[in-house]
Amino acid sequence: GQQVMQIPQYQHVQEGEDFTTYCNSSTTLSNIQWYKQRPGGHPVFLIQLVKSGEVKKQKRLTFQFGEAKKNSSLHITATQTTDVGTYFCAGPGGSGGSNYKLTFGKGTLLTVNP
Amino acid sequence: DTGVSQDPRHKITKRGQNVTFRCDPISEHNRLYWYRQTLGQGPEFLTYFQNEAQLEKSRLLSDRFSAERPKGSFSTLEIQRTEQGDSAMYLCASSPLYSNQPQHFGDGTRLSIL
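Residues numbered from 1 in each chain as written. Chains lettered and ligands numbered in written order. Predicted model: local features only at pLDDT ≥ 70, side-chain atom pairs only at ≥ 80, totals over all residues. Heavy atoms only, no water.

Enquirer: I'd like to hear about the overall build of chain B, residue by residue, with values.
Expert: Looking only at helices and strands, chain B has 0 helices and 11 strands in total. Each helix (α) and strand (β) of chain B, taken in turn from the N terminus, gives the series β-β-β-β-β-β-β-β-β-β-β. Expected size for 114 residues packed as a compact globule is a radius of gyration near 13 Å; at 13 Å, chain B falls within 12% of this value. Taken over the C-alpha atoms alone, chain B extends approximately 40 × 25 × 25 Å along its principal axes. Buried residues in chain B amount to 46% of all 114 residues. Partitioning the contacts of chain B with sequence separation of at least 6, the portion at a separation of at least 24 is 53%. Accessible surface for chain B amounts to roughly 5,700 Å². Of this, 43% is attributable to carbon and sulfur atoms. (Helix = DSSP H or I, 4+ residues; strand = E, 2+ residues; numbered from the N terminus. Rg over C-alpha atoms; globule rule 2.2 N^0.38 Å. Buried < 20%, exposed > 50% of the residue type's maximum accessible area, 1.4 Å probe, protein only. Contact = heavy atoms within 4.5 Å. Areas by Shrake-Rupley, 256 points an atom, 1.4 Å probe, with all protein chains shown as cover.)

If you want it as structure tokens, here you go:
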């Protein structure tokens, strides 16, 4: 079945440093989604990428979707303590690429030292 | 938009007991999903409803697990004869009917089996 792998599993940074997490799928994806889960919280949708090679920015966050639509990355510039949490990528596995059956990676836990 | 609501937030029960969790999706969302999340893992898809129809249940972990959405609004997830391995966070999510819309998660029900 479809597998989604993320690295690294953990990342600890000093406030102000940059952070990147990488996501790889065993299959070509119709789209990829990123979620953030704060400690003790639930996953919160961040963004969806659809097009090959797509790059989207949200303030200090930059998301990329690979040309082959099998990998993606999330880069945070100048981390802040509010960025703490686990970042998950997820790919749809339903028929026709519909979103209903999301396969999540294990996530990257980001901790920030103030 | 009141968000996805789950009840209870935490359930502690003895092994062998039956438990039922409730999810109230965002009111205009036709699709409802159940996931399970264990420590250090991403959410794992269990089942999915479109209105009252359960369109995917192959991922329900065993025949002890069942889910319903009788009127196409709230949903329940039942686990019969609970086992130690059922201890996890059970997350509910909902999304609009249109394809490729992101899923909105509730806070989850944390199940602890004694």
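Enquirer: Explain the interface of chain A and chain B to me, and be specific about the residues and the numbers.
Expert: Listed as interface residues are 18 residues of chain A and, on the opposing side, 19 residues of chain B. Summed over both partners, the interface of chain A with chain B comes to about 1,700 Å²; 52% of that surface belongs to carbon and sulfur atoms. When residues of chain A are sorted by the area they lose upon contact with chain B, A:His42, A:Tyr100 and A:Lys101 head the list and together hold 33% of the total. Put simply, chain A and chain B have 1 salt bridge between them. Residues B:Glu56 and A:Lys101 are paired through a salt bridge, measuring 3.3 Å at the closest nitrogen-oxygen approach. At the boundary of chain A with chain B, the tally comes to 5 residue pairs in polar contact (both at pLDDT 80 or more). Mapped onto the side of chain A that touches chain B, the elements with two or more residues apiece are strand S4 (32-37), strand S5 (44-49) and strand S10 (102-104) of chain A. Broken down by element, the side of chain A that touches chain B gets its largest block of residues, 3 residues, from S4(A). Among the residues forming the side of chain A that touches chain B, the class breakdown is 7 nonpolar, 9 polar and 2 charged. (Buried area = accessible area lost by both parts, 1.4 Å probe. Salt bridge = Lys/Arg side-chain N within 4 Å of Asp/Glu carboxyl O. Polar contact = N/O pair within 3.5 Å; in protein donor to acceptor, adjacent residues only side chain to side chain. Nonpolar A, V, L, I, M, F, W, Y, C, P; charged D, E, K, R; others polar.)

Enquirer: Requested: an account of the sheet that holds strand S8 (residues 71-76) of chain A, with residues and values cited.
Expert: Residues and elements named next belong to chain A. With antiparallel pairing, the 5 strands of this open sheet are ordered in space as S1-S3-S8-S7-S6. Either end of the sheet is taken by a strand with one partner, and the two such strands are strand S1 (4-7) and strand S6 (55-58). The average undirected angle you get between the axes of adjacent strands in this sheet is 15°. Summarising the sheet, strand S7 (residues 61-65) and S8 pair through 5 bridges and their orientation is antiparallel. Within S8, the residue paired with Gln64 across the bridge is Ser73. (Pairing = 2+ DSSP bridges. Axes fitted to C-alpha atoms, helices over the stretch in contact; angles between N-to-C directions.)

Purely geometric numbers; function is a separate question.
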